[in-house]
Amino acid sequence: MRPGDGGEVPGISVGELAARLGRSFEGDGEVRVAGVASLETAGPGDLSFVRSPRYADQLAGSRAGVVIVPDGVDPGGRPAIRSPDPGLDFARAVAAVVPAERPEAGVHPQAVVASDARVDASAHVGALAVIGARARVGPGCLIHPHAVVYPDASLGADCTVHAGAVIREGCSLGDRVILQPGVVIGGDGFGYAMNEQGVFEKVPQVGRVVVGDDVEIGANTTVDRATLGETRLGDSVKVDNLVMIAHNCDVGEGSTIVAQSGLAGSTIVGRRSFLMAQSGAAGHLRIGDGVFVGARGGITRDVPDGQRVWGYPAMEERAWHRAMIALGRLPEALRRLRRLERRVGVDPKGPGPG
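Residues numbered from 1 in each chain as written. Predicted model: local features only at pLDDT ≥ 70, side-chain atom pairs only at ≥ 80, totals over all residues. Heavy atoms only, no water.

Considerations on the sheet that holds strand β29 (residues 244-245)
On the basis of which strands lie adjacent, the open sheet formed by 10 strands has the order β9-β12-β15-β18-β21-β26-β29-β32-β35-β38 and parallel pairing. Here the strands that pair on one side only, and so sit at the sheet edges, are β9 (112-113) and β38 (298-299). Note that β29 and strand β32 (residues 262-263) share 2 bridges and pair parallel. Each residue of the ladder has a partner; that of Met244, found in β32, is Gly262. (Pairing = 2+ DSSP bridges. Helix = DSSP H or I, 4+ residues; strand = E, 2+ residues; numbered from the N terminus.)

Digging into the nonpolar core
One finds Ile143, Ile167 and Leu179 to be the most contacted residues of the largest nonpolar core, which totals 50 residues. Ignoring any residue separated from it by four or fewer positions in sequence, one finds Leu179 in contact with Thr160, Val161, His162, Ala165, Ile167, Leu173, Ile185 and Ile217. Membership of the second largest hydrophobic core comes to 15 residues, among which are Ala18, Val33, Val66 and Ile81. (Core = buried A, V, L, I, M, F, W, Y, C linked by side-chain atoms within 4.5 Å. Buried < 20%, exposed > 50% of the residue type's maximum accessible area, 1.4 Å probe, protein only. Contact = heavy atoms within 4.5 Å.)

Here's the deal with the pairing of strand β6 (residues 66-69)
Both faces of β6 are covered, namely the face carrying Val66 and Ile68 and the face carrying Val67 and Val69. Two elements, strand β5 (residues 46-49) and β6, share 3 bridges in a ladder whose sense is parallel. Paired with Leu47 across the bridge in β6 is Val66. Strand direction decides the pairing type here: β6 and strand β7 (residues 80-82), joined by 3 bridges, are parallel. Note on β7: the bridge partner recorded for Val69 is Arg82.

Description of the sheet that holds strand β4 (residues 35-36)
Working definition: the strands of a sheet are paired by backbone hydrogen bonds and lie parallel or antiparallel to each other. Within the open sheet, the 5 strands sit side by side as β2-β7-β6-β5-β4. Their pairing is mixed. Two strands in the sheet have a free side with no partner beyond their single neighbour: β2 (25-26) and β4. Across the sheet, helix α1 (residues 14-21) is in contact with β2, β5, β6 and β7; its angle to β7 comes to roughly 15°. Sitting on the sheet, helix α3 (residues 86-97) touches β4, β5 and β6, and the angle it makes with β5 is about 160°. (Axes fitted to C-alpha atoms, helices over the stretch in contact; angles between N-to-C directions.)

Here it is as structure tokens:
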């Protein structure tokens, strides 16, 4: 990943990059960084990083020109930026070294924008995107090709809506929201009522979805509109790919939901909780603040604040570990039981029917 040099010396100097990160540096601060790469693939013009001393051998064999390292790691004579959190600072450095390209402001001639939609002059609307009646697109937004914003939907400032994403009618995004390709905000919730003939009739879904600031939603994730009222994602929520959030759910500020997880209707997730991959919650439950749900965890009852749970049905972490240890010992326990049964003359197959 290297930006074009445009005829100039490419990249950014070590000294300037360290200043942007608020970190100290060692070595020649005039050395320039033109790209970013892993230790294995980096070249002399690249920046890489080392999380801890355990990777010192990889660093010694790397061709990286500049590294971000924690205290106690020898950079091997190359310029280095010292950091207490090299992974985080490297992520921040990437934005400075390889800035994202931004399309020019304006509406592409092949986009379809309703006459009464309000698109800020600083926004970009790509080819074949559709902006519906009375929709609002805020300053600095990027609407990529084939994205659809339904009537009466609204986007705050600096949102990015990637190709194929859909924002249904009346739904609202805060500022700096990122929707990856294929996200659907405000699709109908799974709501049906059985009629007199025993056939399901659709329950109209007349609510909406409200997404806070600094939220990112991964590719092909769906957030259903409320049956009544609102489905809500709080500020700084991060949702991975292929997640399903049902109608009337409320996900608290700073929470994270990882790939292939699902929340049934009216699930409440507290602030700064973390749901690992393929976890799920039955409907009308509360997952408290600061909760951790392990991968494939199945939530069947409320989870108190701060609890760590694993398994299905989900149980407190220490109890789950004890259960898993016991499960591993079960085959040997069964063999011992059968030996005891044979000694006392008990048929290990048990009594027959009748």
